[in-house]
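Chain by chain, the residues:
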Amino acid sequence: MSHSTSEGLRKRQFMNGTLVSSIAVVLSLGFRLAPVFAQAPLPALPASPQSAPAPSYPAAELERIMSPIALYPDPLLAQVLAAATFAQDIPDAARWADEHHTLTGTQLTAAIEADRLPWDPSVQALLPFPSVLEMMASAMPWTQEIGDAFLAQRADVMDAVQRLRQNAQRYGYLKANGQVTVSQGPYIEILPIDPGFICVPYYDPYIAFGPPPPGFFVGGALGCGFGVRIGTWFGPWGWGTSSFVWATHGLIINSRPWDRTWGNRGNYIHPYPGVPRHPGPRLPERHVPVPRTPAERDAARTGHMPAETHGGGSNRSSGRSGRR
């Protein structure tokens, strides 16, 4: 992406008066969104009718859409893109993840089965990441844009991610650290050093893809202080077997090519052999809901680990710690 394109992206994020671009700016200011769980959950937007024409986003719009997540490690980005194609499931999943955040490891997978959760496995794969689901649920127009764009323009979306990563790397923001490796190209991969530990980067999209202002400390612009331990217990949801094939615009989820598109979105069922599908109704709640505290939510939004405030899951202390 050229300097002029980058500047255009930054100006568009700031000046466009639409709700979606406002969301992008709020996200860029540290995900300081009002907690969505202090009141009734935000409703999902209705799914696009099957007869609706495929959307067509220009390159600059795709860069805007992808800028808040383009620097996520590849495994996490892959899961977010797949889940966003089921945007209607996100608000309920975000509430469930928030209220069950003390469960980790096999306790969490057992709860998913016990509650007969009806959401697509691609959405369930993000349940260990309540902060990511909260971000998506708090900005549903943006989340639906991600899913629609990925269904209709996968190659363009992946190219937009690469342009953003190239700019972030060029300007010194994107570098390897203690949590991830960063390849040099021609396709930039961001991969966890420990495949079982997925960091959730914290960065400002308004800053990370353009030239730094004079005197700006580039090294502090992207942090990886928050993360989630993903072990073999989440293998059936595709963790450990999901990746991008950047050269051919391929996405592998759960060891299989992700073939969901705009045209087949009504009937394509991606294989998750180890995940039972429950169309509903859900069984009565079997766990005492324990929502995250405001301090826990704020810590995740700003890329830090909160102090432990709840008892619970036996894997709790190792499951969410980014300070190892």
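Residues numbered from 1 in each chain as written. Predicted model: local features only at pLDDT ≥ 70, side-chain atom pairs only at ≥ 80, totals over all residues. Heavy atoms only, no water.

**As for the overall build of the protein chain**
Quick note on the threshold: Under the DSSP-based scheme used, a helix requires at least four consecutive residues in state H or I and a strand at least two consecutive residues in state E, with every element numbered from the N terminus. Relative accessibility under 20% of the residue-type maximum defines a buried residue, over 50% an exposed one, and the middle range a partly exposed one, all with a 1.4 Å probe and only protein chains included. Note on contacts: a residue pair qualifies if any of its non-hydrogen atoms lie within 4.5 Å across the two residues. For the area figures, the Shrake-Rupley method with a 1.4 Å probe applies, and any residue is considered shielded solely by the protein chains shown.
On a plain count of helices and strands, the protein chain comes out with 13 helices and nine strands. Looking at the protein chain as a whole, 55% of its 324 residues are labelled buried. In the protein chain, the share of contacts with a sequence separation of at least 24, taken over all contacts with a separation of at least 6, comes to 76%. As presented, the protein chain carries roughly 13,000 Å² of accessible surface, and 59% of it is formed by carbon and sulfur atoms.

**Things to note about the sheet that holds strand β7 (residues 243–245)**
Going by this rule: Strand pairing is assigned whenever DSSP detects at least two bridges linking the two strands.
On the basis of which strands lie adjacent, the open sheet formed by three strands has the order β7-β8-β9 and antiparallel pairing. The open sheet has two edge strands with one neighbour each: β7 and β9 (256–257). As defined by bridge partners, strand β8 (residues 250–253) adjoins β9 across two bridges and the pair is classed as antiparallel. Within β9, the residue paired with I252 across the bridge is P257.

**Some thoughts on helix α8 (residues 130–137)**
Within α8, eight of the eight residues are buried, which leaves the element mostly enclosed by the surrounding structure. Within α8, the full set of buried residues consists of P130, S131, V132, L133, E134, M135, M136 and A137.

**Brief notes about the pattern of salt bridges**
Pairing is possible between side chains of opposite charge, provided their charged atoms come close. The following threshold applies: Here a salt bridge means any side-chain nitrogen of Lys or Arg lying within 4 Å of a carboxyl oxygen belonging to Asp or Glu.
One pass over the full model with this rule turns up ten salt bridges. Among the salt bridges present, the one from E61 reaches R64, with a minimum N-O distance of 2.8 Å. Within this pair, E61 and its partner R64 are both found in helix α3 (residues 59–66), separated by three residues, close to a single helical turn. The class of E61 is buried, set by a relative accessible area of 17%. A salt bridge links R64 to E145; the nearest nitrogen and oxygen atoms lie 3.1 Å apart. Of this pair, R64 sits in helix α3 while E145 sits in helix α9 (residues 140–152), and the two are 81 residues apart along the sequence. Note on accessibility: R64 and E145 belong to one class, buried. Each of D98, E134, R292 and R297 takes part in salt bridges that share partners, so that together they form one network.

**Section: the packing of α3 against helix α10 (residues 154–170)**
The relative placement of two packed helices comes down to the angle between their axes together with the axis-to-axis distance. To keep things clear, this is the line we draw: To obtain each axis, a line is fitted to C-alpha atoms, and for helices this fit is confined to the stretch in contact; angles are then taken between N-to-C directions over 0 to 180 degrees. Orientation is classified from the angle alone, with under 35 degrees giving roughly parallel, over 145 giving roughly antiparallel, 65 to 115 giving roughly perpendicular, and any other angle giving oblique. Residues are grouped as follows: Ala, Val, Leu, Ile, Met, Phe, Trp, Tyr, Cys and Pro are nonpolar; Asp, Glu, Lys and Arg are charged; all remaining types, including Gly, are polar.
Remark: α3 packs on α10, axes separated minimally by 9 Å, with the N-to-C direction vectors making an angle of 70°. Comparing the axis directions of α3 and α10 gives the class roughly perpendicular. Residues A59, L62, E63 and M66 of α3 pack against D156, V157, A160, V161, R163 and L164 of α10. Of the residues assigned to the contact of α3 with α10, the class counts are seven nonpolar, no polar and three charged.

**Re the packing of aromatic side chains**
What counts is decided by this rule: Stacked, edge-to-face and tilted labels apply to pairs of Phe, Tyr and Trp rings (six-membered ring for Trp) whose centres lie within 6.5 Å, assigned for plane angles under 30 degrees, over 60, and everything in between, in that order. The criterion for a charge sitting over a ring is simple: Lys NZ or Arg CZ within 6 Å of the ring centre, and within 35 degrees of the ring normal.
Counted by the stated rule, this structure contains six aromatic pairs. Judged by centre distance (4.4 Å) and plane angle (25°), the rings of F244 and W246 are stacked. The burial state of F244 is the same as that of W246; both residues are buried. A cation sits over an aromatic face here: R265 above W262, 3.9 Å from the ring centre.

**What about unusual backbone geometry?**
Of note, the phi angle at H249 is positive, near 60°, even though the residue is not glycine. By the element assignment, H249 lies in the loop between β7 and β8. At N254, a residue that is not glycine, the phi angle is positive and equals roughly 60°. Position of N254 relative to the elements: it lies in the loop between β8 and β9. Classification of N254 as buried rests on a relative accessible area of 11%.

**A closer look at the environment of P130**
In this structure, P130 sits in helix α8. The class of P130 is buried, set by a relative accessible area of 5%. Along the sequence, P130 and R95 sit 35 residues apart, while their C-alpha atoms lie 8.2 Å from each other.

**Details of the packing of helix α5 (residues 90–99) against α8**
Threshold: Crossing handedness is defined as follows: a turn of the near helix away from the far one that is anticlockwise and smaller than a right angle gives a left-handed crossing, while the clockwise case is right-handed.
Running from amino to carboxyl end, α5 crosses α8 at an angle of 145°, the nearest separation of the two axes being 8 Å. Relative to α8, α5 is oriented so that their crossing is left-handed. The segment α5 lies against α8, with I90, P91, A93, A94, A97 and D98 engaging P130, L133, E134, M136 and A137. Looking at the contact of α5 with α8 residue by residue, the classes come out as nine nonpolar, no polar and two charged.

**Re α9**
To be explicit about the condition: Expected helix span is taken as 1.5 Å per residue step, with the number of steps being one fewer than the number of residues.
When the terminal C-alpha atoms of α9 are compared, their 18 Å separation across 13 residues agrees well with the 18 Å that a helix rising 1.5 Å per residue should span. If you check which residues of α9 are buried, you get M140, W142, T143, Q144, E145, I146, G147, D148, A149, F150 and L151.

**Some remarks on the confidence of the model for the protein chain**
Under the convention used in this document: pLDDT measures how confident the predictor is about each residue, on a scale from 0 to 100.
For the protein chain, mean pLDDT is 82; residues scoring 70 or higher make up 78% of the total. A low-confidence stretch, residues 307–324 stays under pLDDT 50, and its non-local contacts, those more than four residues away or across chains, total 49 contacts.

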